[in-house]
Amino acid sequence: NAGVTQTPKFRILKIGQSMTLQCTQDMNHNYMYWYRQDPGMGLKLIYYSVGAGITDKGEVPNGYNVSRSTTEDFPLRLELAAPSQTSVYFCASQNFDTQYFGPGTRLTVL
Amino acid sequence: AQRVTQPEKLLSVFKGAPVELKCNYSYSGSPELFWYVQYSRQRLQLLLRHISRESIKGFTADLNKGETSFHLKKPFAQEEDSAMYYCALTLSGGYNKLIFGAGTRLAVHP
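Calculation notes
- Residues numbered from 1 in each chain as written.
- Chains lettered and ligands numbered in written order.
- Predicted model: local features only at pLDDT ≥ 70, side-chain atom pairs only at ≥ 80, totals over all residues.
- Heavy atoms only, no water.
- Disulfide = S-S within 2.5 Å.
- Helix = DSSP H or I, 4+ residues; strand = E, 2+ residues; numbered from the N terminus.
- Buried < 20%, exposed > 50% of the residue type's maximum accessible area, 1.4 Å probe, protein only.
- Core = buried A, V, L, I, M, F, W, Y, C linked by side-chain atoms within 4.5 Å.
- Pairing = 2+ DSSP bridges.
- Axes fitted to C-alpha atoms, helices over the stretch in contact; angles between N-to-C directions.
- Polar contact = N/O pair within 3.5 Å; in protein donor to acceptor, adjacent residues only side chain to side chain.
- Contact = heavy atoms within 4.5 Å.
- Phe/Tyr/Trp six-rings, centres within 6.5 Å; stacked < 30°, edge-to-face > 60°.
- Lys NZ or Arg CZ within 6 Å of the ring centre and 35° of its normal.

Asks: Looking at this model, I keep getting lost on the state of the cysteines. Mind explaining?
Replies: By definition, a disulfide links two cysteine residues through a covalent bond between their sulfur atoms. All names here are of chain A. Per the stated rule, a full pass over the model turns up 2 disulfides over all chains. Linked covalently through their sulfurs, Cys23 and Cys91 form a disulfide whose S-S length is 1.8 Å. Across the S-S bond linking Cys23 and Cys91, the dihedral sits near -70°, which makes this disulfide left-handed. In this pair, Cys23 sits in strand S3 (residues 19–25) while Cys91 sits in strand S9 (residues 87–95), placing the two residues 68 residues apart along the sequence. Like Cys23, the residue Cys91 is buried in the burial classification.

In structure tokens, the structure reads:
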């Protein structure tokens, strides 16, 4: 099992550009999450999904969108990138009470 | 509001010394608490959960509802314990959304 995979590992965007961060898991978990981690801070929940076709906002959803068309994939979309979205983004899936994390995507918006 | 506080950004000890990483939480309900760990160049992963009352890699953590704390302890630190440690809280009755503390970096010196 690859577990949770994220692409890309690194990305630099210009202000106003858009991009999609990909997240895939091969563990057939229904619950999936997107977090961001700013320097010196804990992880903050952006969006989550409890199954295909069902998503909901977390603590910091502004500027992001998600979709969940399959159990495996949970992409995060940034429209009109802003410097405040410079962060490390983590995707996770969950089985019972344990979350399994991807390796993260480091995004810089200049 | 629910919050997890880890007061120390960095904890530096020598090998063989006792370790205590502090975690305090604020939540009016009945919490479920976890410690996650991120070793260098590895993914964030679950270390232990309070409900299991387990010892993992020599670490234990006891939930103290009176003091709203969930400190992580190990009697004799090893160099391989050096990592970032995150305390996390799950809201009861929710979708197991985790609220993370800012993390403490543990550095164990030879």
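Asks: Help me understand the nonpolar core in this model?
Replies: Nonpolar side chains in soluble globular proteins tend to be buried together. In this structure, Trp35, Leu72 and Tyr85 of chain B are the most contacted members of the largest nonpolar core, which totals 25 residues. Looking at this core, the elements with two or more residues in it are strand S2 (10–14), strand S3 (19–21), strand S5 (32–38), strand S6 (45–49), strand S9 (83–90) and strand S11 (104–109) of chain B. Membership of the second largest hydrophobic core comes to 19 residues, among which are Met32, Tyr47, Ala81 and Tyr89 of chain A.

Asks: Sorry, what's going on with the sheet that holds S3 of chain A here?
Replies: To summarise the sheet geometry, strands pair through backbone hydrogen bonds and adopt either a parallel or an antiparallel arrangement. All names here are of chain A. With respect to topology, 4 strands assemble into an open sheet ordered S1-S3-S8-S7, the strand pairing being antiparallel. Because the sheet does not close on itself, it has two edges, and the strands there are strand S1 (4–7) and strand S7 (64–66). With direction set aside, neighbouring strand axes in the sheet form an average angle of 20°. Both S3 and strand S8 (residues 76–78) contribute to a ladder of 3 bridges, which runs antiparallel. Its bridge partner lying in S8, Leu21 is registered against Leu76.

Asks: Is there a simple way to think about the side chain of Gln6 of chain B in this case?
Replies: Residue and element names in this part refer to chain B. Within the fold, Gln6 resides in the loop between strand S1 (3–5) and S2. A distance of 3.0 Å separates a polar atom in the side chain of Gln6 from the backbone oxygen of Tyr85. With residues near it in sequence (within four places) discarded, Gln6 still touches Lys22, Trp35, Tyr85, Tyr86, Cys87, Gly101, Ala102, Gly103 and Thr104.

Asks: Explanation requested: the packing of aromatic side chains in the structure shown.
Replies: The description of an aromatic ring pair rests on the distance of the ring centres and on the angle between the ring planes. Counted according to the given criterion, the structure contains 11 aromatic pairs over all chains. By the ring-pair criterion, three or more aromatic residues cluster together here, those being Tyr33, Tyr35, Tyr48 and Phe101 of chain A together with Phe34, Tyr36, Tyr86 and Phe100 of chain B. Its guanidinium or amino end placed over the ring of Phe74 of chain A, Arg68 of chain A lies 5.9 Å from that ring's centre, counting from NZ or CZ.

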